[in-house]
Amino acid sequence: MLLRGLTTLVLFQLLGSMLSALLLPMLPGAILGMLLLFVFLMLRREVGEPLSVAANSLLRYLPLLLVPPAVGVMVYAAAIWADAWAIVGALVVSLLLSLLFCGWLMQRLIERQQQEKHDV
Amino acid sequence: MFDGQAALRALIDHPLFCFALTLAAYQLALALYERTRWVVMQPVLLAMLMVIPVLLLCDIDFARYRDGTQLLSLFLGPATVALAVPLYLNLRRIRQLFWPVVLTLAIGGLFATLAGVGLAWWFGADEMVLMTLLPKSVTSPIAMLVAEQIGGVAALAAVFVLITGVLGAIFGPPLLSWIGVRHPAARGMALGITAHAVGTAQALQESEETGAFSALAMSVLGAATAILLPLAVLFLR
């Protein structure tokens with residue numbers, strides 16, 4: 001079950017990599033694979049049991065898979081220190097601004113949609 | 001008789017040492033996070049902070065560590081492909097609130113991306129850092145892939161994503177309540193767009209609807225960033 005779903009995921013990743021090499025070199029193969037799988041699911045209109053099992057198990061361990069790339073930060077420690085204030089400032093201020101902006105915008109849009117329904 | 005030094009060397013030089021170290025550090029980090037349930041104790045961040053000192057102590061450089069953990073990194077691709085499944089499952093929820101969702105994603109996503117880079121540029125960060133900051137609002141596998149594509153640093157992108165996520169999860173909910181955003185869909189979208197996976201985990205604790213919209217915002221914005229950002233950078237150069 002798990003193995004079958006995993007095979008599907010790997011196949012889509014390989015397909016994406018081929019497509020990336022052939023047509024779209026600026027997009028990573030994994031992203032193209034994700035889009036291909038998404039289109040495939042829309043056409044099939046359901047997520048098969050093996051695929052759902054494999055996707056859930058992989059996504060559960062996603063944080064573990066991200067540890068090795070995160071450790072790579074040790075190579076760039078000096079570059080981060082040099083720009084530390086710019087980075088922290090940009091991250092904190094932009095986070096707060098966009099978080100509040102998105103929440104406010106979405107709430108306004110929902111209210112407007114409900115208002116229109118009410119009027120009709 | 002017993003050569004402790006040789007035994008230690010055999011342990012450190014073994015091809016599985018880095019793999020074992022990563023597994024152990026992650027499980028320890030996860031246990032700590034589950035025990036405390038404290039949002040700052042992100043497992044990836046904690047595991048990273050445990051692994052790096054050990055590597056420095058054992059005199060292992062990053063190239064060797066990367067080789068040793070290839071078993072894990074290889075699965076990052078299929079895991080990215082697997083994101084299509086939750087995205088598809090959430091598709092039905094968009095239909096009811098179609099325009100609010102699409103408009104907020106487009107305007108809010110653009111705003112979140114540009115605000116970070118604009119501020120960093122204004123504060124005087126160099127191009128490598130700017131290119132790494134661009135994808136900071138999306139979930140780490142996508143941010144890392146995209147950063148690498150446009151000339152940033154994948155590992156650094158992961159750290160930016162993590163910092164953004166943790167801060168968003170801590171300060172997001174109280175601030176949203178403070179400015180009067182109460183609709184679960186709106187709270188979810190705001191958390192998903194700005195604080196991705198960590199924000200989504202936090203949103204799920206508020207309610208299922210908040211979590212679903214957060215996951216939706218995260219995955220759609222992630223896919224859109226992966227496609228549009230490399231193209232935009234390509235045209236602007």
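Residues numbered from 1 in each chain as written. Chains lettered and ligands numbered in written order. Predicted model: local features only at pLDDT ≥ 70, side-chain atom pairs only at ≥ 80, totals over all residues.

**Looking at the overall build of chain A**
Move 1: Each helix and strand counted, chain A has seven helices and zero strands in total.
Move 2: Order of helices (α) and strands (β) in chain A, N terminus to C terminus: α-α-α-α-α-α-α.
Move 3: Its C-alpha atoms give chain A a radius of gyration of 21 Å, more than 25% over the compact-globule value 14 Å for 120 residues.
Move 4: With the principal axes as the frame, chain A shows a C-alpha extent of 60 × 45 × 30 Å.
Move 5: Counting the 120 residues in chain A, one finds 39% classified as buried.
Move 6: Taking the intrachain contacts of chain A between residues at least 6 apart in sequence as the baseline, contacts between residues at least 24 apart amount to 49%. (Helix = DSSP H or I, 4+ residues; strand = E, 2+ residues; numbered from the N terminus. Rg over C-alpha atoms; globule rule 2.2 N^0.38 Å. Buried ≥ 20, exposed ≤ 12 C-beta atoms within 10 Å, placed from the backbone. Contact = placed C-beta atoms within 7 Å.)

**A word on the UniProt feature "transmembrane region" (unreviewed entry) in chain A**
Residue and element names in this part refer to chain A.
Move 1: With numbering matched to this structure, UniProt assigns "transmembrane region" (unreviewed entry) to residues 20–41, 61–79 and 85–106.
Move 2: The distance separating the terminal C-alpha atoms of residues 61–79 is 30 Å; by composition the span is 63% helix and 0% strand.
Move 3: As annotated, residues 85–106 comprises 100% helix and 0% strand, and the C-alpha atoms at either end are separated by 31 Å. (UniProt positions renumbered as here; feature names shortened; annotations may be inferred.)

**Quick look at the UniProt feature "transmembrane region" (unreviewed entry) in chain B**
Move 1: UniProt's feature table lists "transmembrane region" (unreviewed entry) at residues 12–33, 45–65, 71–91, 98–122, 142–172, 184–204 and 216–236 of chain B, given in the numbering used throughout.
Move 2: Each end of residues 142–172 of chain B is marked by a C-alpha atom, and these two atoms are 22 Å apart; helix forms 87% of the span and strand 0%.

**Details of the interface of chain A and chain B**
Move 1: Between chain A and chain B, the residue contacts involve 66 residues of the former and 85 residues of the latter.
Move 2: Secondary-structure elements contributing two or more residues to the side of chain A that touches chain B are α1 (2–22), α2 (29–44), α3 (49–60), α4 (62–65), α5 (67–71), α6 (77–82) and α7 (84–119) of chain A.
Move 3: Examining the composition of the side of chain A that touches chain B, we find that 24 residues originate from one element, α7(A), more than from any other.
Move 4: Class assignment for the residues of the side of chain A that touches chain B results in 54 nonpolar, eleven polar and one charged. (Nonpolar A, V, L, I, M, F, W, Y, C, P; charged D, E, K, R; others polar.)

**Looking at the domain arrangement of chain A**
Move 1: Taken domain by domain, chain A comprises domain 1 (1–65) and domain 2 (73–120).
Move 2: Between the C-alpha centres of domain 1 of chain A and domain 2 of chain A the distance comes to 29 Å. (Domains from an automatic or database assignment.)

**Comments concerning the nonpolar core**
Nonpolar side chains tend toward joint burial in soluble globular proteins.
Move 1: Core analysis: the largest hydrophobic core is formed by 109 residues, its most contacted members being A:V67, A:A70, B:A84, B:A157, B:A158 and B:A190.
Move 2: With twelve residues, the top contributor of residues to this core is helix α11 (residues 154–178) of chain B.
Move 3: Setting aside residues no more than four positions away along its own chain, B:A157 makes contact with B:T132, B:P135, B:K136, B:A143, B:M144, B:A147 and B:G152. (Core = buried A, V, L, I, M, F, W, Y, C linked by C-beta atoms within 7 Å.)

**Topic: helix α12 (residues 184–206) of chain B**
Residue and element names in this part refer to chain B.
Move 1: The end-to-end C-alpha distance of α12 is 8 Å, clearly below the 33 Å that 23 residues give at a rise of 1.5 Å each.
Move 2: At A195, α12 shows its largest kink, close to 145 degrees.
Move 3: Burial analysis of α12 places 18 of its 23 residues in the buried class, which makes it a mostly covered element. (Expected span 1.5 Å × (residues − 1). Bend = angle between axes of the 7 residues up to and from the residue.)

**Things to note about helix α3 (residues 43–58) of chain B**
Move 1: Between its first and last C-alpha, α3(B) extends 23 Å over 16 residues, near the 22 Å set by a 1.5 Å rise per residue.
Move 2: Residues B:P43, B:V44, B:L45, B:L46, B:A47, B:M48 and B:V51 constitute the buried set of α3(B).
Move 3: Considering only its buried residues, α3(B) is in contact with α4 and α5 of chain A together with α2 (17–36) and α11 of chain B.
Move 4: Just past α3(B), the residue B:D59 takes up positive phi, approximately 60 degrees.

**A closer look at the confidence of the model for chain A**
Move 1: For chain A, the mean per-residue pLDDT works out to 83, and 96% of the residues sit at or above 70.
Move 2: Element-level pLDDT for chain A is lowest in α6(A), with a mean of 73, against a maximum mean of 91 in α1(A). (pLDDT = per-residue confidence, 0-100.)

**Some thoughts on the environment of A:L2**
Residues and elements named next belong to chain A.
Move 1: Its place among the elements puts L2 in helix α1.
Move 2: For L2, a count of 12 C-beta atoms within 10 Å puts it in the exposed group.
Move 3: When the C-alpha positions of L2 and I87 are compared, they lie 41 Å apart, and in sequence the two are 85 residues distant.

**Section: the environment of A:G72**
Move 1: The topology assignment puts A:G72 in the loop between α5 and α6.
Move 2: When the 21 C-beta atoms within 10 Å are taken as the criterion, A:G72 is described as buried.
Move 3: For the pair formed by A:G72 and A:L95, sequence separation is 23 residues and the distance between their alpha carbons is 24 Å.
Move 4: Ignoring any residue separated from it by four or fewer positions in sequence, one finds A:G72 in contact with B:F62, B:A154 and B:A155.

**So, the packing of helix α8 (residues 98–122) of chain B against α12(B)**
Residue and element names in this part refer to chain B.
Move 1: Closest axis-to-axis distance for the α8/α12 pair is 10 Å, and the angle between their directions is 40 degrees. It follows from the interaxial angle that α8 and α12 lie oblique. The way α8 lies across α12 gives a crossing that is right-handed. Taking contact as the criterion, the partners of T104, L105, G108, G109 and A112 in α8 are, on α12, M189, I193 and T194.
Move 2: Class assignment of the residues belonging to the contact of α8 with α12 gives a composition of four nonpolar, four polar and no charged. (Axes fitted to C-alpha atoms, helices over the stretch in contact; angles between N-to-C directions. Parallel < 35°, antiparallel > 145°, perpendicular 65-115°, else oblique. Left-handed = near helix turned anticlockwise from the far one by under 90°.)

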